Amino acid sequence: MAKPRVFVSSTFYDLKHIRSSIENFIDGLGYESVLSEKGDIAYNPDIPLDESCYKEVHSCDIFVLIIGGRYGSSASSEGKIETKDFYTRFESITKLEYENANNRDIPTYILIEKSVYAEYETFKRNRDNKTIIYASVDSVNIFVFIDKILSQTRNNPIQQFERHIDIESWLKLQWAGLFKDLIQKRKTQAEINELSKEVKELSNINTTLKRYLEEIVSTTDGKKGHELIEQEEERLAHSRTMNEFKSNPFVVGIVYDFGITIDEAFKLFSNSKTLEEFAVKHAEFGGYKGDRESLLKAWKYNNKLIDSINAVRRIINKPPFKTL
């Protein structure tokens, strides 16, 4: 029987005991844990080692990211970095593992060490102050990484932890909820299939009635009748557009997460003239107080997010945004 494959991503040396405990926890649930130190990753001799890790992420069903005080080794794509002080910017292997999972929309669960998250709150208030010494982290890139995670609109649940038991308890609850949601979706799908048959029949009846009414109205008063028909067709077209807009999963997520109305969401999508303007307004709705540059950089490489936004723009007959 196939088992869910769970990829565990983190730095190794500072979190090796946590990784070992999580491995036992995952295997104890009957799932298959995937960790680099177990030899689970098939390394291709023709490509850099970290590229094999990213490839392995694609074959997994669940992605668990654990962020501690170390940022980790630089990715092979970064080349050789001569010096690395606290403020040197570079991409780590762990960060790119996360981005590969995110680009594939793999269900992701993010654990951040409590002391690291506390210092992130300090960093947010002192972004331009480079005199502060942070005790719990070895690189500013950790804070930038957390910035990127928080800028996502979905698939970014975060839990703080101090001990491995904190991680296990949270993941157990999250995966139980995921299983229940799957069962509910199967039940809902059966109900939708039944309703779709009835809707199809109603659609046929509606088409027939529309033809009857158009014929009656047009023969009663030609000019006014045609004007009335055009007005009703416009109203129905707008109603269909709004129904499609309101049922779009991305729109539903924004309305639910930000606690805004459908009308506010519609204005967000229709009134924004550029993707940059949309990103800033979107962040304001979400209460994001980070700097504009970091936000736009995070959005720039999130093709999946931009595709979702442009799909909604097409629904409301607006041209797609150009990438940043």
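Just so it is clear, the structure is predicted and the values come from calculations on it, not from any experiment.

Things to note about the environment of N303
With respect to the helices and strands, the residue N303 is situated in helix 12 (residues 303-315). When the C-alpha atoms of N303 and T323 are compared, they prove to be 8.6 Å apart, with 20 residues separating the residues in sequence.

Considerations on the packing of aromatic side chains
Taken as a whole, this structure holds 20 aromatic pairs when the rule is applied. Taking 5.7 Å as the distance between ring centres and 10° as the angle between the ring planes, the aromatic pair formed by F7 and F63 counts as stacked. Pair noted here: F7 is in strand 1 (residues 5-9) and F63 is in strand 3 (residues 62-67), with a separation of 56 residues, a long-range link. A relative accessible area of 2% means that F7 is categorised as buried. With a relative accessible area of 1%, F63 lands in the buried category. Consider the rings of F278 and F321, whose centres lie 5.9 Å apart with planes at 45°: the pair is tilted. Residue F278 is located in helix 10 (residues 275-285), and its partner F321 is located in the segment after helix 12; the two are separated by 43 residues in the primary sequence. Look at F278 and you get buried, because its relative accessible area is 0%. On the basis of relative accessibility, which here comes to 7%, the residue F321 falls in the buried class. An aromatic cluster is present here, built from F86, Y87, Y117, Y120, F123, Y134 and F143 joined pairwise through their rings.

With respect to the pairing of strand 3
Every other side chain in a regular strand lies on the same face of the sheet, so the side chains alternate between the two faces. Counting buried positions along strand 3 yields 6 of 6 residues, so the element is predominantly enclosed. Neither face of strand 3 is exposed, since I62, V64 and I66 on one face and F63, L65 and I67 on the opposite face are all buried. Here strand 3 runs beside strand 4 (residues 108-113); their pairing, made up of 5 bridges, is parallel. Each bridged residue has a counterpart across the sheet, and for F63 the counterpart in strand 4 is T108.

Comments concerning the sheet that holds strand 3
In space, the 5 strands of this open sheet follow the order 2-1-3-4-5, with parallel pairing throughout. Only two strands of the sheet have a single partner each, and these edge strands are strand 2 (32-34) and strand 5 (158-161). The mean angle between the axes of side-by-side strands here comes to 25°, regardless of whether they run parallel or antiparallel. In this fold helix 2 (residues 49-58) packs onto strand 1, strand 2 and strand 3, with an angle of close to 145° to the strand it touches most, strand 1. Strand contacts of helix 5 (residues 141-151): strand 3, strand 4 and strand 5, with the helix running at about 140° to strand 3, the strand carrying the most contacts.

A word on helix 8 (residues 249-258)
Every buried residue of helix 8 is listed here: F250, V251, I254 and V255. In an axial view of helix 8, the angular spread of the buried residues amounts to 135°, which keeps them on one side of the axis. Facing away from the buried surface of helix 8 by more than 90 degrees, the exposed residues are P249 and Y256. Once helix 8 ends, the next one or two residues include G259, with phi positive near 65°.

Describing the environment of W170
Relative to the helices and strands, W170 is located in helix 6 (residues 164-220). For W170, a relative accessible area of 10% translates into the label buried. Considered as a pair, W170 and Q160 are 10 residues apart in the sequence and their alpha carbons are 9.6 Å apart. Excluding anything up to four places from it in sequence, W170 contacts Y109, I110, L111, P157, I158 and Q159.

Points about the packing of helix 2 against helix 3 (residues 93-103)
Running from N to C, helix 2 and helix 3 cross one another at 30°; their axes reach a closest spacing of 9 Å. It follows from the interaxial angle that helix 2 and helix 3 lie roughly parallel. Pair helix 2 / helix 3 crosses with right-handed handedness. On the side of helix 2, the interface is formed by D50, C53, Y54, V57 and H58, while helix 3 contributes I93, L96, E97, N100 and A101. Residues that form the contact of helix 2 with helix 3 fall into these classes: 6 nonpolar, 2 polar and 2 charged.

Description of unusual backbone geometry
Of note in this structure, D105 is not a glycine but carries a positive phi near 60°. With respect to the helices and strands, D105 occurs in the loop between helix 3 and strand 4. Backbone geometry places N317, a non-glycine residue, at a positive phi of 60°. Structurally, the position occupied by N317 is in the segment after helix 12.

Structural notes on helix 1 (residues 16-28)
Given a rise of 1.5 Å per residue, 13 residues ought to cover 18 Å, and the 18 Å separating the end C-alpha atoms of helix 1 matches this to within 8%. For helix 1, every residue scored as buried is listed here: I18, R19, S21, I22, E23, F25 and I26. Phi turns positive, to about 90°, at G30, one or two residues after helix 1.

Overview of the side chain of E99
One can find E99 in helix 3. Setting aside its immediate chain neighbours within four residues, E99 contacts E91 and K148.

Criteria and cut-off values
Residues numbered from 1 in each chain as written. Predicted model: local features only at pLDDT ≥ 70, side-chain atom pairs only at ≥ 80, totals over all residues. Heavy atoms only, no water. Helix = DSSP H or I, 4+ residues; strand = E, 2+ residues; numbered from the N terminus. Phe/Tyr/Trp six-rings, centres within 6.5 Å; stacked < 30°, edge-to-face > 60°. Buried < 20%, exposed > 50% of the residue type's maximum accessible area, 1.4 Å probe, protein only. Pairing = 2+ DSSP bridges. Axes fitted to C-alpha atoms, helices over the stretch in contact; angles between N-to-C directions. Contact = heavy atoms within 4.5 Å. Arc of directions from axis to C-beta. Parallel < 35°, antiparallel > 145°, perpendicular 65-115°, else oblique. Left-handed = near helix turned anticlockwise from the far one by under 90°. Nonpolar A, V, L, I, M, F, W, Y, C, P; charged D, E, K, R; others polar. Expected span 1.5 Å × (residues − 1).

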